[in-house]
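# Structure assessment
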Amino acid sequence: MSISLSNTTVTMNRYVDGKPVTDTEKLQVFRLDNETMTYAMAVTQEGYLLHVYYGARCGEDDLTYLLRLSDSPYTPRILKREKGTFMDARPFEFPCHGIGDYREPCFMIMDEDGMSACDLRFVASRVEKGKPALRQKGVSCIPATFAGEEDADTLVLVMEDAHAGLTVELTYTIFKKLSVLTRSARVINHGEADVRLQRVLSACVDFEDSAYDMITLNGSWARERLLERAPLHHGKQSVDSVKGESSHQSNPFVALVSHNANEEIGEAFGFNLVYSGNFFAQAEVTQHKHTRFVMGINPYDFSWLLRTEEEFTAPEVVMVYSGSGIGKMSRTFHDLYRNHLIRGEWKDKQRPILINNWEATYFQFDTEKLIEIAKQASELGVEMFVLDDGWFGHRDSDNSSLGDWFVYEKKLKGGLPYLVSEVNKLGMKFGIWFEPEMISPDSKLYAEHPEWAIQIIGREMTQSREQYVLDYSNVEVRDYVYKMMRDILDSANIEYIKWDMNRQLTEVGSTSLPRKRQRELWHRYVLGVYDLMNRLTTDYPYLLLENCSGGGARFDPAMLYFSPQIWTSDDTDAIERLKIQYGTSLCYPASAMGAHVSDCPNHVLGRTTPFATRGNVALVGTFGYELDVTRIPQEDREAIPGQIAKFHRFNPLMRKGDQYRLGNLFEDNSFDAWMFVSKDKTEALFTFVQVLGRPNYPSRNIKLRGLAPNKRYRVEETGQVATGKTLMEAGIFVSLYGDFASQTLYLSEVTGE
Ligand code: GLA
């Protein structure tokens, strides 16, 4: 890993009035390298920061020839060049608005005179060991990846708009052992006048060509993060959220991959924004068939007042480069997130197998019923009981009580202390559901503090799931909610929280923010959520936090910074989950995916699948049960101890190992298959799910991946012994009968025979 600074002079040959002219230009060059990737930039004599190269590791050569500074017919003299053409064609690292670059900008301001152009020029650079935390005065916590001095180096490039009095620090961190670069931007107002930030994106990469496919993760409730892949074309292709959270509909992830890229070969450039609010990611194919990729906080309805000496920090973009396919890109994200994003006591630990009462009872339960479920579950080996929605205020359906975080005594006789101690007596941990960002119109909290809901005074407030959203930009609101949460947490031995968020934002106005700062609410809301999650995880370090948002609407890296696991989707159907978990695995590790076995017919789509298949699919993630164990068929109940033993045996391998996707339901919907291989390649678990049976044509050969070619492996279930090379070249034989059937095969290295 190295960060190098150098100077170079490029010679440019041109014709002026038919006569050859030679110009030279002095460039300052910045280069970040590790074993697998190189990222290079150059500063021109006028101080423009240009992108030179991003991709596979290059030799120690001067790469600035890639800038093609001389090949425009309208590039007359240095410093007198045809600026408009130069600005609209050159690759910029952090493009501004209003000075001749008509492509998508990263940075837009509005000064006190109502003027919006800005012009950032390079002024200084510095190199820092390791990776500094992202910070902004007045903000308690900005989630980001972390790394020690031995794991990463950071380059900070300081840019300045002298006219507006603004400094922008662009931060680049290169990781030593992973093909990862992270970027973010921090704006400081050193001027005397207030400035409005109209957009501050986090990163731009101007790619040299446009021969890429764009992969995005799109969906809806109960079908989150389904993969879409399409070639880039002229114009702008984007994904975003304007809902106040990362959303069911799209995810702050994009990959640009070469047309030939598959799991094993081709180039893949993955981008993931460490942010949980409105985001924007766009690839724009320009007139010159270059591609500008930008990512950051969505500029839609965004405006931030930056007074003198105030600062603003844009969230981090994680950039992963793979020269060997999409699979390698995913495994790099997984390693990065498992080691440099997820924190806390549960980071590297096996999570307790839980049973959650949501699909079992919905709102209809009492203490007795819950204890009955917990008791039977504990006898089968389940390790934690999670009490979902409906335990507080007077909540019997989703139409009341959010914000009233005290126990519904009529329903829960003896309160939480009794229930929790009964559950603990069974040898189980106890967890509980909260939706801390919400307020029901029918609640004590709303009766006392209607002004705490997000609203525009005088306008009708839009209800969704009969609830409003609390104004988390207001610290008084956060303090109040947190106090209630603490009282609950301190009242009994609670070891897990499911933090839910079940609606998007509307009428985005705050009764506590001044008029000039109203448009900041979208982002201040997200910062408020981070603040509370930060307090919670700091004050209760042992607590296992699972994020959730109407299923998987907030499955993003910022949430992983606080919670090592996230509920993947309300769709627990094993077959639907194949696609959801596949899409999620593009950048998020299996160890973070909340995955449960539920009862059939499935509550979302009425499908019936074998209990064993439900188990094999949930085994990938954190694993648990979402059913009324007292009422499921006897044979399913009898299968639970076996599933639990399987989880105990294979979870370390899946939690820490490398994931290889072998099937792809988006291309062939008849089967899915995947495997997890231990880092030392001595063992692997292969899973095959046959979505549709094939009459008179049942068997298939699936080529395995990730094994050591020269090691010999024994397949436990069949006794077959073969080299990794054979299993990867010729494949492994599977033959199943029936729709939705599944199988796992365990491979371990054979030594000394
Ligand atoms: C959301 C969650 C579910 C459940 C319900 C409770 O939809 O995704 O798992 O907790 O809320 O209301």
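Note that the structure is predicted; figures quoted are calculated from it, not measured.

The geometry of an aromatic ring pair comes down to the distance between the two centres and the angle between the two planes. Enumeration according to the criterion identifies 43 aromatic pairs in this entry. With a centroid separation of 4.4 Å and an interplanar angle of 45°, the aromatic rings of Phe-392 and Trp-405 are classed as tilted. Note that Phe-392 is positioned in the loop between β22 (384-387) and α5 (415-425) and Trp-405 in the loop between β22 and α5, a separation of 13 residues in sequence. Through pairs of rings, three or more aromatic residues link up here, namely Tyr-39, Tyr-54, Tyr-172, Phe-207, Tyr-212, Phe-269, Phe-271, Phe-293 and Tyr-321. The ring centre of Trp-346 lies 5.2 Å from the NZ or CZ of Lys-349, which sits over that ring.

Residues in close proximity to the ligand total 13 residues, the closest being Asp-388, Asp-389, Lys-498, Gly-551 and Asp-570. The separation between an oxygen atom of the ligand and a polar side-chain atom of Asp-388 is 2.6 Å. A distance of 2.8 Å separates an oxygen atom of the ligand from a polar backbone atom of Gly-551. Summarising the interface, the protein chains cover 96% of the accessible area of the ligand, which totals 300 Å² for the free molecule. Classifying every residue of the shell around the ligand gives 4 nonpolar, 3 polar and 6 charged.

Turning to the side chain of Thr-630, a few remarks are in order. Its location among the elements puts Thr-630 in the loop between β31 (624-626) and α12 (634-656). Here the side chain of Thr-630 touches Lys-369 through a polar contact of 3.2 Å, side chain to side chain. Within the structure, Thr-630 has its side chain in polar contact with the side chain of Asp-628 (distance 2.5 Å). Ignoring any residue separated from it by four or fewer positions in sequence, one finds Thr-630 in contact with Lys-369, Glu-372, Ile-373, Gln-376 and Arg-637.

Now for the domain arrangement of the protein. Considered domain by domain, the protein is made up of domain 1 (2-340), domain 2 (354-654) and domain 3 (671-749). Domain 1 and domain 2 are separated by 36 Å when their C-alpha centres are compared. Facing the 49 residues of domain 1 at the interface are 47 residues of domain 2. For the pairing of domain 1 and domain 2, the buried interface totals around 4100 Å² over both sides, and the portion due to carbon and sulfur atoms is 57%. For the interface between domain 1 and domain 2, the tally reads 2 salt bridges. The salt bridge partner of Arg-517 is Glu-310, with a shortest N-O separation of 3.2 Å. Scanning the region where domain 1 abuts domain 2 turns up 30 residue pairs in polar contact (both at pLDDT 80 or more). Of all the secondary structure elements, the ones that give two or more residues to the side of domain 1 that touches domain 2 are β11 (212-220), β12 (223-231), β14 (250-258), β15 (268-273), β18 (304-306) and α2 (325-340). The element contributing the most residues to the side of domain 1 that touches domain 2 is α2, with 7 residues. Partitioned by chemical class, the residues of the side of domain 1 that touches domain 2 number 25 nonpolar, 13 polar and 11 charged.

Membership of the largest hydrophobic core comes to 199 residues, with the highest contact counts inside it found for Phe-107, Leu-387, Trp-391, Leu-416 and Tyr-625. If you tally residues by element for this core, the top one is helix α8 (residues 521-539), at 10 residues. If we skip the residues at most four places from it in the chain, Phe-107 touches Phe-94, Pro-95, Cys-96, His-97, Cys-118, Leu-120, Leu-166, Val-168, Val-187, Leu-197, Arg-199 and Val-200. Residues Phe-688, Ala-708, Leu-727 and Val-734 belong to the second largest nonpolar core, which totals 24 residues.

Cut-offs used in this document
- Residues numbered from 1 in each chain as written.
- Predicted model: local features only at pLDDT ≥ 70, side-chain atom pairs only at ≥ 80, totals over all residues.
- Heavy atoms only, no water.
- Phe/Tyr/Trp six-rings, centres within 6.5 Å; stacked < 30°, edge-to-face > 60°.
- Helix = DSSP H or I, 4+ residues; strand = E, 2+ residues; numbered from the N terminus.
- Lys NZ or Arg CZ within 6 Å of the ring centre and 35° of its normal.
- Near = heavy atom within 4 Å.
- Polar contact = N/O pair within 3.5 Å; in protein donor to acceptor, adjacent residues only side chain to side chain.
- Areas by Shrake-Rupley, 256 points an atom, 1.4 Å probe, with all protein chains shown as cover.
- Nonpolar A, V, L, I, M, F, W, Y, C, P; charged D, E, K, R; others polar.
- Contact = heavy atoms within 4.5 Å.
- Domains from an automatic or database assignment.
- Buried area = accessible area lost by both parts, 1.4 Å probe.
- Salt bridge = Lys/Arg side-chain N within 4 Å of Asp/Glu carboxyl O.
- Core = buried A, V, L, I, M, F, W, Y, C linked by side-chain atoms within 4.5 Å.
- Buried < 20%, exposed > 50% of the residue type's maximum accessible area, 1.4 Å probe, protein only.

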